[in-house]
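# Close look at the chain arrangement
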Amino acid sequence: MADWREKITSVSKTKGTSAPEGAKRAGLGCLGLIVAVVSILTLLITIGLFKSGYGLMGVLTTAFLVVCIATTVLLLAPSKHNPL
């Protein structure tokens, strides 16, 4: 247990460029999954708005949905790794 505490403390004290690559990927993966869940919920809201006849609000939520999907793709797609 003390070993995990030391690892967490060492990762939390490092700057973004010197953090372990695994920790960076895990953080971006978690953030990507959260944004993906928000995208799914926004899709359901958008479908409900269009079915209820609220076209203007549906268009606005569709724009937000596109931004959410683009963010999810950028976060979950593999990117160049910093060799440092």
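Structure: above.
Residues numbered from 1 in each chain as written. Predicted model: local features only at pLDDT ≥ 70, side-chain atom pairs only at ≥ 80, totals over all residues. Heavy atoms only, no water.

## Observations regarding the overall build of the protein
- Helix and strand counts for the protein come out as three helices and zero strands.
- For the protein, contacts bridging at least 24 residues in sequence account for 57% of all contacts bridging at least 6.
- Just so you have it, the protein exposes about 6600 Å², and 75% of that area is on carbon and sulfur atoms. (Helix = DSSP H or I, 4+ residues; strand = E, 2+ residues; numbered from the N terminus. Contact = heavy atoms within 4.5 Å. Areas by Shrake-Rupley, 256 points an atom, 1.4 Å probe, with all protein chains shown as cover.)

## Focus on the side chain of serine 39
- Looking at the element boundaries, serine 39 is found in helix α2 (residues 21-52).
- Residue class for serine 39 comes out buried when judged on its relative accessible area of 8%. (Buried < 20%, exposed > 50% of the residue type's maximum accessible area, 1.4 Å probe, protein only.)

## Focus: the packing of α2 against helix α3 (residues 55-76)
- At their nearest, the axes of α2 and α3 sit 8 Å apart, and the two run at 160° to each other. Overall, the two elements α2 and α3 adopt an arrangement that is roughly antiparallel. Of the two elements, α2 crosses α3, and the hand of that crossing is left-handed.
- Looking at the contact of α2 with α3, its residues break down into 17 nonpolar, 11 polar and no charged. (Axes fitted to C-alpha atoms, helices over the stretch in contact; angles between N-to-C directions. Parallel < 35°, antiparallel > 145°, perpendicular 65-115°, else oblique. Left-handed = near helix turned anticlockwise from the far one by under 90°. Nonpolar A, V, L, I, M, F, W, Y, C, P; charged D, E, K, R; others polar.)

## Observations regarding α2
- For α2, spanning 32 residues, the distance from its first C-alpha to its last is 46 Å, which sits close to the expected 46 Å at 1.5 Å a residue.
- Those residues of α2 not exposed but buried are Gly32, Val35, Ala36, Ser39, Thr42, Thr46 and Leu49.
- Packing partners of the buried residues in α2 comprise α3.
- Looking one or two residues past α2, glycine 53 carries a phi angle of roughly 95°, positive in sign. (Expected span 1.5 Å × (residues − 1).)

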